[in-house]
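# Topology and contacts: notes
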Amino acid sequence: MNSYPSRTLRSIPTSPAATRPARMTGQDEARALAGRPSASITPAQPEVQQDAPRATPIRMLRLSQVAAITGLSKTKIYQLQIQGDFPMRVQLSPRRVAWVESEVQAWLAARITSSTPLIER
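Summarised in this report is the structure supplied together with it. Treat the numbers as computed from the prediction; the structure is a model and nothing was measured. (Residues numbered from 1 in each chain as written. Predicted model: local features only at pLDDT ≥ 70, side-chain atom pairs only at ≥ 80, totals over all residues. Heavy atoms only, no water.)

### As for helix H5 (residues 101-115)
Counted at 1.5 Å a residue, the expected span for H5 with its 15 residues is 21 Å, and the 21 Å between its end C-alpha atoms agrees. Among all positions of H5, only Val104, Trp107 and Leu108 are buried. All buried residues of H5 lie within an arc of 95° about the axis, which places them on one face of the element. For H5, the exposed residues set more than 90 degrees away from the buried face come down to Ser102 and Thr113. As for H5, its buried residues are in contact with strand S1 (60-61), helix H3 (63-70), helix H4 (74-83) and strand S3 (96-100). (Helix = DSSP H or I, 4+ residues; strand = E, 2+ residues; numbered from the N terminus. Expected span 1.5 Å × (residues − 1). Buried < 20%, exposed > 50% of the residue type's maximum accessible area, 1.4 Å probe, protein only. Arc of directions from axis to C-beta. Contact = heavy atoms within 4.5 Å.)

### Observations concerning the sheet that holds strand S2 (residues 90-93)
Here 3 strands make up an open sheet; going across it, the order is S1-S3-S2 and the pairing antiparallel. Both outer strands of the open sheet, S1 and S2, are each paired with one neighbouring strand and no more. With 3 bridges joining them, S2 and S3 adopt antiparallel strand pairing. Among the inter-strand pairings, Val90 is bridged to a residue of S3, identified as Ala98. (Pairing = 2+ DSSP bridges.)

### Some thoughts on the nonpolar core
Of all hydrophobic cores here, the largest spans 12 residues; its members are Leu61, Leu63, Val66, Ala67, Ile77, Leu80, Phe86, Val97, Trp99, Val104, Trp107 and Leu108. Looking at this core, the elements with two or more residues in it are H3, H4, S3 and H5. (Core = buried A, V, L, I, M, F, W, Y, C linked by side-chain atoms within 4.5 Å.)

### Digging into the environment of Lys74
Here Lys74 lies in helix H4. Residue Lys74 is classed as partly exposed on the basis of its relative accessible area of 48%.

### Here's the deal with the packing of H3 against H5
Relative orientation of the contacting elements H3 and H5 amounts to 20°, with a least axis distance of 11 Å. Classified by the angle between their axes, H3 and H5 sit roughly parallel to one another. Considering only the axes of H3 and H5, their crossing is right-handed. Note on element contacts: H5 touches H3 through Val104, Gln105, Trp107 and Leu108, opposite Val66, Ile69 and Thr70. Classifying every residue of the contact of H3 with H5 gives 5 nonpolar, 2 polar and no charged. (Axes fitted to C-alpha atoms, helices over the stretch in contact; angles between N-to-C directions. Parallel < 35°, antiparallel > 145°, perpendicular 65-115°, else oblique. Left-handed = near helix turned anticlockwise from the far one by under 90°. Nonpolar A, V, L, I, M, F, W, Y, C, P; charged D, E, K, R; others polar.)

What follows is the structure, encoded as structure tokens:
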């Protein structure tokens, strides 16, 4: 018997539209919260293209790579995430997570600058 009834197959939505919320722009969301229709108001600035090509690709790091780069144990990485002191992982698939390399590198750079004493030259 499954002690977690929310994890049964019957409760999992089958259509892709049911699994993710509809995308709203910030202005549409604000109008929806204010109770105003979104079609009557024109946007003040043009929409930003979401599918624009990136200059550099996004690199994702697995847990073992993050541990090797930072020198932290796997347990410590998860503890720091829970505390909000480390970049959050990204769910790639139901059983795979990864970290954005640029966020991990920025975290490392912040740790280095916060712990390095300033030396007058």
